[in-house]
Amino acid sequence: YSYFFLQKQNIKTKEIDEVIKYQNKIIEHAEESLRLARVRYENGLITSTEVMDIEAELTSAKMDYLELVYEYNMASMSLKKAIGFEEPTRTGDDI
């Protein structure tokens, strides 16, 4: 493998890792939005449809996270193969 390939894979892995951190924040915000929506629903301020929409947004954020974990693992495995070094991979269990 060329130095350029190794550098590109290393940068890609680091970039995806940063996006994963950002996506975790999005999930945290979506979870809080759902918590608040449930309180509003219990108080008759919003409909069950609105709560379901927010639940769908949370599910979408979690799916985006898992796609990023997959991309991270693929880039990481490619890099590991190229340099013959074990690098930790993400499992997606931290959501």
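Each remark here, short or long, concerns the structure printed above.
Residues numbered from 1 in each chain as written. Predicted model: local features only at pLDDT ≥ 70, side-chain atom pairs only at ≥ 80, totals over all residues. Heavy atoms only, no water.

Caption draft 1: Broad picture of the pattern of salt bridges. Using the criterion set out here, one finds four salt bridges in the structure. A salt bridge links Glu18 to Lys21, with the shortest nitrogen-to-oxygen separation between them at 3.3 Å. Of this pair, Glu18 and Lys21 both sit in helix H1 (residues 3-42), three residues apart, which is roughly one turn of that helix. Given the relative accessible area of 43%, Lys21 is considered partly exposed. Between Glu55 and Arg38 there is a salt bridge whose closest N-O contact spans 3.1 Å. Pair noted here: Glu55 is in helix H2 (residues 48-83) and Arg38 is in helix H1, with a separation of 17 residues, a long-range link. The class for Glu55 is partly exposed, based on a relative accessible area of 29%. (Salt bridge = Lys/Arg side-chain N within 4 Å of Asp/Glu carboxyl O. Helix = DSSP H or I, 4+ residues; strand = E, 2+ residues; numbered from the N terminus. Buried < 20%, exposed > 50% of the residue type's maximum accessible area, 1.4 Å probe, protein only.)

Caption draft 2: Examining the environment of Ile83 more closely. Its location among the elements puts Ile83 in helix H2. Overall, the relative accessible area of 43% leaves Ile83 in the partly exposed class. Ile83 sits 77 residues away from Leu6 along the chain, and the two C-alpha atoms are 7.9 Å apart.

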